[in-house]
Amino acid sequence: MSTDHESSLRRLVAGPSVLVTFALLVVPLTAGSLDGRLMTPLAYPGYLIMMVGSSFGSYLFPNFALWVFWFPFVVGCYGISVVVGILFRAVR
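In this text, all values refer to a predicted model and were calculated from it rather than measured experimentally. Throughout, residues of each chain are indexed from 1 in the direction in which the sequence is written. Where totals are concerned, whole chains, interfaces and linings use all residues; where local detail is concerned, this predicted model gives features only for residues with pLDDT of at least 70, and gives and counts side-chain atom pairs only at 80 or more. Side-chain numbers come from the whole structure's heavy atoms, not from hydrogens or water.

A. Fine view of the pattern of salt bridges. What counts as a salt bridge is simple: a side-chain nitrogen of Lys or Arg found within 4 Å of a carboxyl oxygen of Asp or Glu. Enumeration according to the criterion identifies one salt bridge in this entry. A salt bridge links Arg 37 to Asp 35; the nearest nitrogen and oxygen atoms lie 2.9 Å apart. Three labels apply to residues, based on accessible area from a 1.4 Å probe with only protein chains included: buried if under 20% of the type maximum, exposed if over 50%, partly exposed otherwise in between. Overall, the relative accessible area of 72% leaves Arg 37 in the exposed class. By relative accessible area, Asp 35 is classed as partly exposed at 25%.

B. Broad picture of helix α2 (residues 16–34). Taking 1.5 Å as the rise per residue, α2 with 19 residues should run 27 Å; its terminal C-alpha atoms sit 26 Å apart, in good agreement. The sharpest bend along α2 comes to roughly 30 degrees, located at Ala 23. Those residues of α2 not exposed but buried are Ser 17, Val 18, Thr 21, Leu 25, Val 26, Pro 28, Leu 29 and Gly 32. For helices the rule is a DSSP run of H or I covering at least 4 residues; for strands it is a run of E covering at least 2, with both sets numbered from the N terminus onward. Here the expected span of a helix is defined as 1.5 Å times the quantity of residues minus one. The term bend refers to the angle at a residue between two fitted axes, each drawn through seven residues, those ending there and those starting there.

Structure below.
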């Protein structure tokens with residue numbers, strides 16, 4: 001049985017606004033990384049997040065390859081998406 005509180009929490013961490021924001025941050029950058037012809041201006045927000053995260057990661061862990069930073073990028077994008085979802089829900 002799902003209570004109203006659980007449903008609200010589920011919508012907060014995996015609602016439509018969270019999923020759309022996550023997809024807009026991750027999918028264009030991933031597509032552009034796989035094929036350079038697919039790198040569009042839509043990839044810029046994700047690219048900016050990846051660039052900032054990689055610069056900090058390279059400073060903290062200089063011996064790691066850049067592909068290692070994809071996992072923190074995806075987790076960070078999800079965190080940003082949840083915050084956007086919370087703000088969207090608060091404004092709405």
